[in-house]
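The lines below spell out each chain.
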Amino acid sequence: MRLKIVCLGLMVGLLGAGGVSAQPAPPQDAVATVDEIVVVARRAGLPMWTVETATGSVILVGAISGVPRDYAWRPEALEAATARAERILYPIEGRASLADVMRVIWRIRTVARLPKDTTIADYASPELMARLERLHAGERAQGWRTETPTAQSFDLLRSAGAPRGERAVERVVREAARQADVPGQSVGFVRGDEMIDNLLQAPPETYLPCLDAASRAAEAGPEGAARRLDDWSRLRVAAVLANPLDQAFDRCWPTGDPEIGPALRQRWIAAVQAALAEPGVTLAVAPLRLLAEDEGVLDRLQAAGLEVCGPDWRAGPSAAQ
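Worth saying up front: this structure is predicted, and the values here are computed from it rather than measured.

Asker: Give me the overall build of the protein: which residues, what numbers.
Answerer: Secondary structure summary: the protein contains 13 helices and ten strands in total. For the protein, buried positions account for 48% of its 321 residues. Surface summary for the protein: the accessible area is close to 15600 Å², and the carbon and sulfur share equals 54%.

Written out as structure tokens, the structure reads:
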């Protein structure tokens, strides 16, 4: 018997919309097409959700960063689903010019060091300093004491098990869409010069939450990173979001930036709202946390009266299976 996973909703609503109005059910052939695409996509073993309106259907693929190239998931299933979608939504892109890149190279030594005659102890709490001391115990070099929170955080994330090389979900989808000639677009663009200025000019204390989270991820070590990947592939969404490494990725630059982070979230909300009004099937590769966090995209969809079909993303009952 054919497995039917798609939750068919007869209510149409948009994120943050004032009301939800009833609409005729989608044609049966369109429903079957969506059903087949979702069945194929779910074989990839990734968290994903389907939202139906009378106008269109959106498949939200919950992607995470830090997936090693050799990690055993099934990209071919996601590639097949991508080839059958009408359009693709990709994460926000950062656009940097050659001049932007040269500025980063020129300023890299400055951005990696705290102001003269200061150390990280001048900024960090006693609790955070104690954690850093434990993590660096036994090291002969003490350069970490004068590194900025941003530079230290990147080093700690690597020690926590964040891979240098990834086979990102987004990259798999982009390659499949290009081969199948499926149109797609990013939900927005961030100018490279703005992002770089933001990173270079922010005072050190801005990124202390990132350093704190990165130190906790480093304490959890590669074992914590492995648990995160296992939870992701087993659709344990709440466990992924509670993982120290995932929290560190969220709190560090750029998503943890107090200006950039909220802008990223709002652009995703607007993009999904627009996709629900499009005919056919839209496949969206979205950061898992932006989808499943409190008051994230999935919560807003549900609050608008739409039926969200997929794995639970909160501690209590929240989604249809």
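Asker: Which residues make up helix α5 (residues 149-159), and what values do they have?
Answerer: Each α-helix winds once per 3.6 residues, and so residues spaced three or four apart point in a common direction. All of the buried residues in α5 are P149, T150, A151, Q152, S153, L156 and L157. Backbone geometry just after α5 places G161 at a positive phi near 110°.

Asker: Explain the nonpolar core to me, using residue names and the numbers behind them.
Answerer: Ranked by internal contacts, the top residues of the largest apolar core, which has 60 residues, are V169 and L301. Counting residues per element, this core draws most heavily on helix α11 (residues 260-276), at eight residues. Core analysis: the next-biggest nonpolar cluster, separate from the first, contains 23 residues, W144, L156, L157 and A248 among them.

Asker: Lay out the sheet that holds strand β3 (residues 48-52) in plain terms, naming residues and giving numbers.
Answerer: Pairing is mixed in the open sheet, where six strands are placed in the order β7-β5-β9-β4-β3-β10. The sheet is open, and its two borders are formed by β7 (184-186) and β10 (308-309), each paired with just one other strand. The pairing of β3 with β10 spans two bridges and is classified as antiparallel. What sits directly across from T50, in β10, is C309. Lying on the sheet, helix α6 (residues 169-180) is in contact with β4 (56-63), β5 (87-90), β7 and β9 (280-287); it crosses β5 at an angle near 150°. Those strands touched by α11 are β3, β4, β5 and β9, and its axis lies near 170° from that of β9.

Asker: Please provide a residue-by-residue account of the state of the cysteines, values included.
Answerer: In this structure the tally under the stated criterion is one disulfide. A sulfur-sulfur distance of 1.9 Å marks the disulfide that ties C210 to C252. Disulfide C210 to C252: torsion about the S-S bond roughly 90°, handedness right-handed. With C210 in helix α8 (residues 208-233) and C252 in the loop between α10 (244-251) and α11, this residue pair connects regions lying 42 residues apart in the sequence. Residue class for C210 comes out buried when judged on its relative accessible area of 3%.

Asker: I'd like a rundown of the environment of W144, residues and numbers included.
Answerer: Counting through the fold element by element, W144 comes out in the loop between α4 (126-135) and α5. Linking W144 and R113, residues 31 residues apart in sequence, is a C-alpha distance of 9.1 Å. The residues touching W144, leaving out its near neighbours within four places in the chain, are I120, M129, L132, E133, H136, E139 and Q152.

Asker: Give a description of α11 that names residues and reports values.
Answerer: The first and last C-alpha atoms of α11 sit 25 Å apart over 17 residues, in line with the 24 Å expected at 1.5 Å per residue. Every buried residue of α11 is listed here: I260, G261, L264, R265, W268, I269, A271, V272, A275 and L276.

Asker: Give a description of unusual backbone geometry that names residues and reports values.
Answerer: In this structure, L235 takes a positive phi of about 65° despite not being glycine. You will see that E295, though not glycine, has its phi angle at about 60°, which is positive. In this structure E295 comes out as exposed when scored by relative accessible area, which is 63%.

Rules of the game
Residues numbered from 1 in each chain as written. Predicted model: local features only at pLDDT ≥ 70, side-chain atom pairs only at ≥ 80, totals over all residues. Heavy atoms only, no water. Helix = DSSP H or I, 4+ residues; strand = E, 2+ residues; numbered from the N terminus. Buried < 20%, exposed > 50% of the residue type's maximum accessible area, 1.4 Å probe, protein only. Areas by Shrake-Rupley, 256 points an atom, 1.4 Å probe, with all protein chains shown as cover. Core = buried A, V, L, I, M, F, W, Y, C linked by side-chain atoms within 4.5 Å. Pairing = 2+ DSSP bridges. Contact = heavy atoms within 4.5 Å. Axes fitted to C-alpha atoms, helices over the stretch in contact; angles between N-to-C directions. Disulfide = S-S within 2.5 Å. Expected span 1.5 Å × (residues − 1).

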